[in-house]
Amino acid sequence: QVQLVESGGGLVQAGGSLRLSCAASGRTFRSYAMGWFRQAPGKEREFVAVHMQSAGSTYYADSVKGRFTISRDNAKNTVYLQMNSLKPEDTAVYYCAAGTVFTPSPRPTAYNTWGPGTQVTVSS
């Protein structure tokens, strides 16, 4: 059993940066694939990034590639999403998710634990 809580969201101007954090508690943190998703009003929840614990590998959606970086600190049981060069279309509620899959997946159904989300708003 793992519990997740996101933090670090807020209001930022286009071109600015934010770092989101996802604190995990409960079951062994290092055994999980950790992903970030986002959802804007009227849109489907979309994949942003995932970190695979087994090899430390990372994968990104094309829309954020080169701008966002996912990282993981097992000592702190925390996953981060560094967001640079933010655009208004990045505005959404961002969710942290933990999964038990052995291969990266962009599907929300591949993740069995979710945080409550944190709002990110990018102004023009």
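This is a predicted model, so every value here is computed, not measured.

*Asks:* Hey, could you run me through the overall build of the chain in this one?
*Replies:* Helices and strands together make up the secondary structure of the chain, namely 0 helices and 11 strands. Element order for the chain, N to C, with α for helix and β for strand: β-β-β-β-β-β-β-β-β-β-β. Relative to its length of 124 residues, the chain is compact, with a C-alpha radius of gyration of 13 Å against a globular reference of 14 Å. Dimensions along the principal axes, computed over C-alpha positions, put the chain at roughly 40 × 25 × 25 Å. Relative to its full complement of 124 residues, the chain shows a buried share of 44%. Once local pairs closer than 6 in sequence are excluded, the contacts in the chain between residues at least 24 apart make up 59%. Of the roughly 6,400 Å² of accessible surface on the chain, 48% is carried by carbon and sulfur atoms. Here the chain contributes 12 positive and 7 negative side-chain charges, whose respective centroids are spaced 7 Å apart.

*Asks:* Help me understand the pairing of strand β3 (residues 18-26) in this model?
*Replies:* The side chains of a regular strand alternate, first on one face of the sheet and then on the other. Strand direction decides the pairing type here: strand β1 (residues 2-7) and β3, joined by 6 bridges, are antiparallel. Residue L4 lies in a different strand from β3, and its bridge partner there is A24. Here 6 bridges tie β3 to strand β8 (residues 78-83), and the two strands are oriented antiparallel to one another. The partner of A23 across the bridge, within β8, is T78.

*Asks:* When you look at the nonpolar core in this model, what are you seeing that I'm missing?
*Replies:* Note that soluble globular proteins tend to have their nonpolar side chains buried in a common cluster. Core analysis: the largest hydrophobic core is formed by 36 residues, its most contacted members being W36, L81, M83 and Y94. Counting only elements with at least two residues in this core, the list comes to β1, β3, β4 (33-39), β5 (46-52), β7 (68-73), β8, β9 (92-99) and β11 (118-123). Apart from residues no more than four positions distant in its own chain, L81 is found in contact with L18, R19, L20, W36, V48, A49, F68, T69, I70 and Y94.

*Asks:* Just to check I follow, could you spell out the state of the cysteines for this structure?
*Replies:* What is meant by a disulfide is a covalent connection between two cysteines, made through their sulfur atoms. Taken as a whole and assessed by the stated rule, the structure comprises 1 disulfide. The partner cysteine of C22 in its disulfide is C96, sulfur to sulfur 2.0 Å. Judged by the sign of its S-S torsion, about -80 degrees, the cystine formed by C22 and C96 is left-handed. Taken together, the positions of C22 in strand β3 and C96 in strand β9 put the pair 74 residues apart, joining distant regions of the chain. The same class applies to C22 as to C96, namely buried.

Conventions we followed
All chains use their own residue numbering, which begins from 1 and follows the written sequence. Reporting of local features is limited, given that this is a predicted model, to residues whose pLDDT is at least 70; pairs of side-chain atoms are given and counted only at 80 or more, and all residues count toward the totals for whole chains, interfaces and linings. Computation of side-chain values: all heavy atoms of the structure, hydrogens and water removed. Numbering of helices and strands runs from the N terminus, with a helix taken as a DSSP run of H or I at least four residues long and a strand as a DSSP run of E at least two residues long. Put simply, the radius of gyration uses C-alpha atoms, and a globule should come to 2.2 Å times the residue count raised to 0.38. Exposed residues in this analysis have more than 50% of their type's maximum accessible area, buried residues have under 20%, and partly exposed residues fall in between, with area computed by a 1.4 Å probe over protein chains only. Should any heavy atoms of two residues lie within 4.5 Å, those residues are counted as being in contact. The Shrake-Rupley method, run with a 1.4 Å probe, gives the accessible areas here. Residue values count only the displayed protein chains as cover. For this count, His and the chain ends are skipped, Lys and Arg are scored as positive, and Asp and Glu as negative. Each charge is placed at NZ for Lys, CZ for Arg, CG for Asp and CD for Glu. Strand pairing is assigned whenever DSSP identifies at least 2 bridges connecting the two strands. Residues enter a nonpolar core if they are buried and are Ala, Val, Leu, Ile, Met, Phe, Trp, Tyr or Cys, with the set joined through side-chain atoms within 4.5 Å. A pair of cysteine sulfur atoms is labelled a disulfide when the two atoms are within 2.5 Å.

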